[in-house]
Number of protein chains: 4
Amino acid sequence: MPASRGVVELRVRYSETDQMQVVYHANYLVWCEIGRTELIRQLWGSYADVERSGVALAVVDASLRFHAPARYDDLVRITTTVRDVKSRTVTFDYLLENATTGQRLASASTTLIAFTREAAVTVLPAELRSALEQHVTS
Amino acid sequence: MPASRGVVELRVRYSETDQMQVVYHANYLVWCEIGRTELIRQLWGSYADVERSGVALAVVDASLRFHAPARYDDLVRITTTVRDVKSRTVTFDYLLENATTGQRLASASTTLIAFTREAAVTVLPAELRSALEQHVTS
Amino acid sequence: MPASRGVVELRVRYSETDQMQVVYHANYLVWCEIGRTELIRQLWGSYADVERSGVALAVVDASLRFHAPARYDDLVRITTTVRDVKSRTVTFDYLLENATTGQRLASASTTLIAFTREAAVTVLPAELRSALEQHVTS
Amino acid sequence: MPASRGVVELRVRYSETDQMQVVYHANYLVWCEIGRTELIRQLWGSYADVERSGVALAVVDASLRFHAPARYDDLVRITTTVRDVKSRTVTFDYLLENATTGQRLASASTTLIAFTREAAVTVLPAELRSALEQHVTS
């Protein structure tokens, strides 16, 4: 349900909560991945096609700051932006908010590196790199 | 930490709880898998080697009955037995208990079928089948 | 994205796959929960409100049959129906299909029982029970 | 299976892998939690008792660097150290290694803040704080 480029919303699943009655923190990394996947889909195409072409993007660096808890059945809005693109890596920033109240839940960033099927570091596919570069937030 | 054949214990992770303050039910299928993996290790070897040989065992049927909730930090004991072995399938039964109190948490069973890397149904590797057959509970 | 009553679609997350390159089987229970949650929302209201009223529905019985694998980025359609409602329990049936190809992925059913916050078995909230009863598939 | 203070080992579960045939990156946060839980158990007692006393520790900041992939059935060693303790927060560092080969898999750190049941920031329980302070790596 993208509202605009790089924006996606999802509803918190029961399985994502923990006994503190909020979303378990590791799930934010799953949501970040959904965010960048949908951004890539909007800019270029399905990430599944990147992998089918023989290149995989693996997270090598992640940082998260948690501001307020997300709860079961909340609608969460993820806004993904491209911070930096290099020949072999790309860094995404994420803002996670409660889509109903606008409350900021978390901010995060991840850096991904391109690998071949044989686990060798490689360059980003040219078209994908170009699409990402045009979306770098200045 | 196997106490005896087909028995393994694990401690409930925080990530496995949900906001009902008990273990989220889908995690019992993960635990069943740990149970059968450790049984296969004891009877034959690492399941990772089964996959390396080109055969994968996929769950085609699962049933679970939940008797009492497991909670965070509980020690859970999984007892796995082999109910039935056929040329291409194997059925495991599981008993999940609180290892400290002996309380029965859940009982389950799953049937797995052997597949090749090309997703064709195949026969169980002969040695594995033989090891499993000798452990069928009569 | 409900197409009609009891139907919901979701896209397979990368985190839901396993090294067999298909969806890990335990995730189907998560999807079933999304299916019944959306059906309850359509028939009555948010399940979060059921819990806020002091009653929780816990799965006591689950069975799943896996027909074909779901894969990363597939669009999955979940059709949830009410099979049976009793004073303290409700049984749902689920059909999971690939929304693009129509291929049947899995069929499942779960029985849930109503509990108070003090973990005592209780009756289903009257309005919810009535809404579910009107949707029983005959 | 602690080998020494702050060290715990675990075996990679099938459910923790993804279709890249390595461990899905969000699971490292789950492992970090197991690491600090076991350290707290060795230094003070069960974290479940912290929560029973009315205080919860929630992650407010996390950073991870991924060096090499963990794979299914690998034995992973987590070494947890206390970097810093303040009145209301504690920061842990984690080193994740392949326990068999010694290969470094990831390094991480998380900061946790103490909350009351009413979600108000509070001070760390005095005894726990003292136990953690004595373990700060200098």
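Because the structure is a prediction, the values reported are computed rather than measured.

### As for the relation of the copies chain D and chain A
Line of reasoning, step 1. Its rotation angle being 180°, the transformation that places chain D on chain A also includes 0.0 Å of axial translation and leaves an RMSD of 0.0 Å. Taken together, these values place the two copies in the relation of a two-fold axis. Among all residues of chain D, the one whose C-alpha sits closest to the rotation axis is D:Ser63, at a distance of 2.1 Å.

### A word on the interface of chain D and chain A
For interface size, the figure often reported is the accessible area lost on association.
Line of reasoning, step 1. Contact with chain D, which involves 22 residues of that partner, is made by 22 residues of chain A.
Line of reasoning, step 2. A combined buried area of about 1,900 Å² lies between chain D and chain A, and 56% of that area is made up of carbon and sulfur atoms.
Line of reasoning, step 3. Among the residues chain D hides against chain A, the three largest losses belong to D:Met20, D:His25 and D:Leu29. Together they make up 25% of the total.
Line of reasoning, step 4. Taken together, chain D and chain A are joined by two salt bridges.
Line of reasoning, step 5. D:Asp61 serves as the salt-bridge partner of A:Arg65, at 2.9 Å between the closest nitrogen and oxygen.
Line of reasoning, step 6. Where chain D meets chain A, there are 10 residue pairs in polar contact (both at pLDDT 80 or more).
Line of reasoning, step 7. At the level of secondary structure, the elements contributing two or more residues to the side of chain D that touches chain A comprise α1 (27-43), α2 (47-52) and β2 (55-66) of chain D.
Line of reasoning, step 8. Residue contributions to the side of chain D that touches chain A peak at 11 residues, all from β2(D).

### Describing the relation of the copies chain C and chain B
Line of reasoning, step 1. Least-squares fitting of chain C to chain B yields an RMSD of 0.0 Å, with the superposition described by an axial translation of 0.0 Å and a rotation of 180°.
Line of reasoning, step 2. In this assembly, 100% of the residues forming the interface of chain C have copies in chain B that are likewise at the interface, indicating an isologous arrangement.

### What about helix α1 (residues 27-43) of chain A?
Line of reasoning, step 1. Given a rise of 1.5 Å per residue, 17 residues ought to cover 24 Å, and the 25 Å separating the end C-alpha atoms of α1(A) matches this to within 8%.
Line of reasoning, step 2. Most of α1(A) is tucked away, with 15 of its 17 residues classed as buried.

### Focus on the interface of chain C and chain B
Line of reasoning, step 1. Taken together, the contact between chain C and chain B spans 22 residues of the former and 22 residues of the latter.
Line of reasoning, step 2. Carbon and sulfur atoms make up 55% of the surface buried where chain C meets chain B, a total of about 1,900 Å² over both sides.
Line of reasoning, step 3. Among the residues chain C hides against chain B, the three largest losses belong to C:Met20, C:His25 and C:Leu29. Together they make up 26% of the total.
Line of reasoning, step 4. One can count two salt bridges joining chain C with chain B.
Line of reasoning, step 5. In this structure, the connection of chain C to chain B is made through 10 residue pairs in polar contact (both at pLDDT 80 or more).
Line of reasoning, step 6. At the level of secondary structure, the elements contributing two or more residues to the side of chain C that touches chain B comprise α1 (27-43), α2 (47-52) and β2 (55-66) of chain C.
Line of reasoning, step 7. With 11 residues, the top contributor of residues to the side of chain C that touches chain B is β2(C).
Line of reasoning, step 8. Partitioned by chemical class, the residues of the side of chain C that touches chain B number 14 nonpolar, three polar and five charged.
Line of reasoning, step 9. Note that strand β2 (residues 55-66) of chain B and β2(C) share five bridges and pair antiparallel.

### Examining the sheet that holds strand β5 (residues 104-116) of chain C
Line of reasoning, step 1. The strand order across the open sheet built from 10 strands is β1(B)-β3(B)-β4(B)-β5(B)-β2(B)-β2(C)-β5(C)-β4(C)-β3(C)-β1(C), with neighbouring strands paired in antiparallel fashion. Single-partner strands in this sheet number two, and they are β1 (7-11) of chain B together with β1 (7-11) of chain C. Averaged over all adjacent pairs, the angle separating strand axes in this sheet is 25°, with direction ignored.
Line of reasoning, step 2. Two strands pair when backbone bridges link them, and β1(B) and strand β3 (residues 75-85) of chain B are joined in this way by five bridges, in the antiparallel orientation. Each bridged residue has a counterpart across the sheet, and for B:Val7 the counterpart in β3(B) is B:Thr79.
Line of reasoning, step 3. Packing against the sheet, helix α1 (residues 27-43) of chain B makes contact with β1, β2, β3, β4 (89-98) and β5 (104-116) of chain B together with β2 of chain C, and its axis sits at approximately 115° to β4(B).

### Considerations on helix α3 (residues 126-133) of chain A
Residues and elements named next belong to chain A.
Line of reasoning, step 1. All of the buried residues along α3 are Leu128, Ala131 and Leu132. Angular distribution of buried residues about the axis of α3 spans 100°; they occupy a single face of the element.
Line of reasoning, step 2. Residues of α3 that are buried make contact with α1, α2 (47-52), β2 (55-66), β3 (75-85) and β4 (89-98).

### Here's the deal with the packing of aromatic side chains
All names here are of chain D.
Line of reasoning, step 1. Inspection of every chain in the model, using the stated rule, returns 24 aromatic pairs over all chains.
Line of reasoning, step 2. Ring centres of Tyr28 and Trp31 lie 4.9 Å apart, and the angle between their planes is 50°; on these two criteria the pair is classed as tilted. Here Trp31 and Tyr28 lie together in helix α1, a separation of three residues that amounts to about one turn.
Line of reasoning, step 3. Owing to a relative accessible area of 2%, Tyr28 belongs among the buried residues under this scheme.

### What about the pattern of salt bridges?
Line of reasoning, step 1. Here the structure, examined in full by the defined rule, presents 48 salt bridges over all chains.
Line of reasoning, step 2. We note a salt bridge from B:Glu97 to B:Arg77, for which the minimum N-O separation is 3.4 Å. With B:Glu97 in strand β4 and B:Arg77 in strand β3, this pair connects stretches of sequence that are 20 residues apart.
Line of reasoning, step 3. Overall, B:Arg77 belongs to the partly exposed group, its relative accessible area being 21%.
Line of reasoning, step 4. The salt bridge involving D:Arg83 is made with D:Asp93; its shortest N-O contact spans 2.9 Å. Of this pair, D:Arg83 sits in strand β3 (residues 75-85) while D:Asp93 sits in strand β4 (residues 89-98); the two residues are 10 residues apart in sequence, bridging distant segments of the chain.
Line of reasoning, step 5. Salt bridges here are not isolated pairs; linked through shared partners, they connect A:Arg11, A:Asp73, C:Glu38 and C:Arg41.

### Overview of the pairing of β2(B)
Line of reasoning, step 1. Across 11 bridges, β2(B) lies against β5(B) in antiparallel orientation. Residue pairing for β5(B): B:Arg65 is matched across the bridge by B:Ser107.

### Some points on the environment of C:Arg77
Line of reasoning, step 1. Expressed as a C-alpha distance, the spacing of C:Arg77 and C:Tyr47, which sit 30 residues apart in the sequence, is 20 Å.
Line of reasoning, step 2. At a separation of 3.2 Å, a polar atom in the side chain of C:Arg77 contacts the main-chain carbonyl oxygen of C:Ala99.

### What to know about the sheet that holds β2(A)
Line of reasoning, step 1. Here 10 strands make up an open sheet; going across it, the order is β1(A)-β3(A)-β4(A)-β5(A)-β2(A)-β2(D)-β5(D)-β4(D)-β3(D)-β1(D) and the pairing antiparallel. The open sheet terminates on both sides in strands that have one partner only, identified here as β1 (7-11) of chain A together with β1 (7-11) of chain D. Sheet twist, expressed as the mean angle between neighbouring strand axes with direction ignored, is 25°.
Line of reasoning, step 2. With nine bridges connecting them, β3(A) and β4(A) associate as antiparallel partners. Bridge pairing in β4(A) links A:Val76 to A:Asn98.

### Remarks on unusual backbone geometry
Line of reasoning, step 1. One non-glycine residue with positive phi stands out, namely A:Gln21, at about 70°.
Line of reasoning, step 2. Counting through the fold element by element, A:Gln21 comes out in the loop between β1 and α1.
Line of reasoning, step 3. The class for A:Gln21 is partly exposed, based on a relative accessible area of 37%.
Line of reasoning, step 4. A positive phi is found at B:Asp73, a non-glycine position, where the angle reads about 75°.

Parameters and conventions
- Residues numbered from 1 in each chain as written.
- Chains lettered and ligands numbered in written order.
- Predicted model: local features only at pLDDT ≥ 70, side-chain atom pairs only at ≥ 80, totals over all residues.
- Heavy atoms only, no water.
- Least-squares fit on C-alpha atoms with pLDDT ≥ 70 in both.
- Contact = heavy atoms within 4.5 Å.
- Buried area = accessible area lost by both parts, 1.4 Å probe.
- Salt bridge = Lys/Arg side-chain N within 4 Å of Asp/Glu carboxyl O.
- Polar contact = N/O pair within 3.5 Å; in protein donor to acceptor, adjacent residues only side chain to side chain.
- Helix = DSSP H or I, 4+ residues; strand = E, 2+ residues; numbered from the N terminus.
- Expected span 1.5 Å × (residues − 1).
- Buried < 20%, exposed > 50% of the residue type's maximum accessible area, 1.4 Å probe, protein only.
- Nonpolar A, V, L, I, M, F, W, Y, C, P; charged D, E, K, R; others polar.
- Pairing = 2+ DSSP bridges.
- Axes fitted to C-alpha atoms, helices over the stretch in contact; angles between N-to-C directions.
- Arc of directions from axis to C-beta.
- Phe/Tyr/Trp six-rings, centres within 6.5 Å; stacked < 30°, edge-to-face > 60°.

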